[in-house]
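Report on the structure
Single-letter residue listing:
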Amino acid sequence: QVQLVESGGGLVQTGGSLRVSCAASGRTFSRYALGWFRQAPGKEREFVAAISRSGGGTNVADSVKGRFTISRDNSESTLYLQMNRLRPEDTAVYYCAATTRGVVPTQGYNYDYWGQGTQVTVSS
């Protein structure tokens, strides 16, 4: 199995940028497709972005397309989410997730391993 630890969350103003990271340990990182999800208070968990095992394929939610970029460094066993032009509605706890199933899964139930989350708050 794989262990995931997010970092890099924080408080940022509207229009600002932030990069969150997810460090993995355990089994071979490149075996897993990876995803980012988020959950705001009182709302359901929402898909943000996913990336294939090699990093050559990505899938990004319409709500963040053009503003967020998902990437991975298999040599460093780390997943990234670069968030630009942040909006107050992007405020949420951001979770990374890993799976051996699928290419770029968008549904949370397809992921087997989850990190503990990192808080991102965008002030207006």
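Our structure's up above, just so we're on the same page.
Treat the numbers as computed from the prediction; the structure is a model and nothing was measured. (Residues numbered from 1 in each chain as written. Predicted model: local features only at pLDDT ≥ 70, side-chain atom pairs only at ≥ 80, totals over all residues. Heavy atoms only, no water.)

A complete count under the given rule lists five salt bridges for this structure. The residue Glu46 makes a salt bridge to Arg38 at a minimum N-O spacing of 2.7 Å. When its relative accessible area of 7% is taken as the criterion, Arg38 is described as buried. Taking the shortest distance from any N to any O, the salt bridge between Lys65 and Asp62 comes out at 3.2 Å. Linked by salt bridges that have partners in common, Arg38, Glu46, Arg67 and Asp90 make up one network. (Salt bridge = Lys/Arg side-chain N within 4 Å of Asp/Glu carboxyl O. Buried < 20%, exposed > 50% of the residue type's maximum accessible area, 1.4 Å probe, protein only.)

Two descriptors summarise a pair of aromatic rings, namely the distance from one centre to the other and the angle between the planes of the rings. Under the definition given, this model contains five aromatic pairs. Ring geometry for Phe37 versus Trp114: centroids 5.1 Å apart, planes at 55°, classification tilted. Remark: Trp114 occurs in strand β10 (residues 113-114) and Phe37 occurs in strand β4 (residues 33-39); sequence separation between them is 77 residues. Clustering of aromatic rings is evident, with ring pairs tying together Phe37, Phe47, Tyr111 and Trp114. Above the plane of the ring of Tyr32 lies Arg31, whose end atom (NZ or CZ) is 5.5 Å from the centre. We note Arg45 situated over the ring of Phe37; from NZ or CZ to the ring centre the distance is 5.7 Å. (Phe/Tyr/Trp six-rings, centres within 6.5 Å; stacked < 30°, edge-to-face > 60°. Helix = DSSP H or I, 4+ residues; strand = E, 2+ residues; numbered from the N terminus. Lys NZ or Arg CZ within 6 Å of the ring centre and 35° of its normal.)

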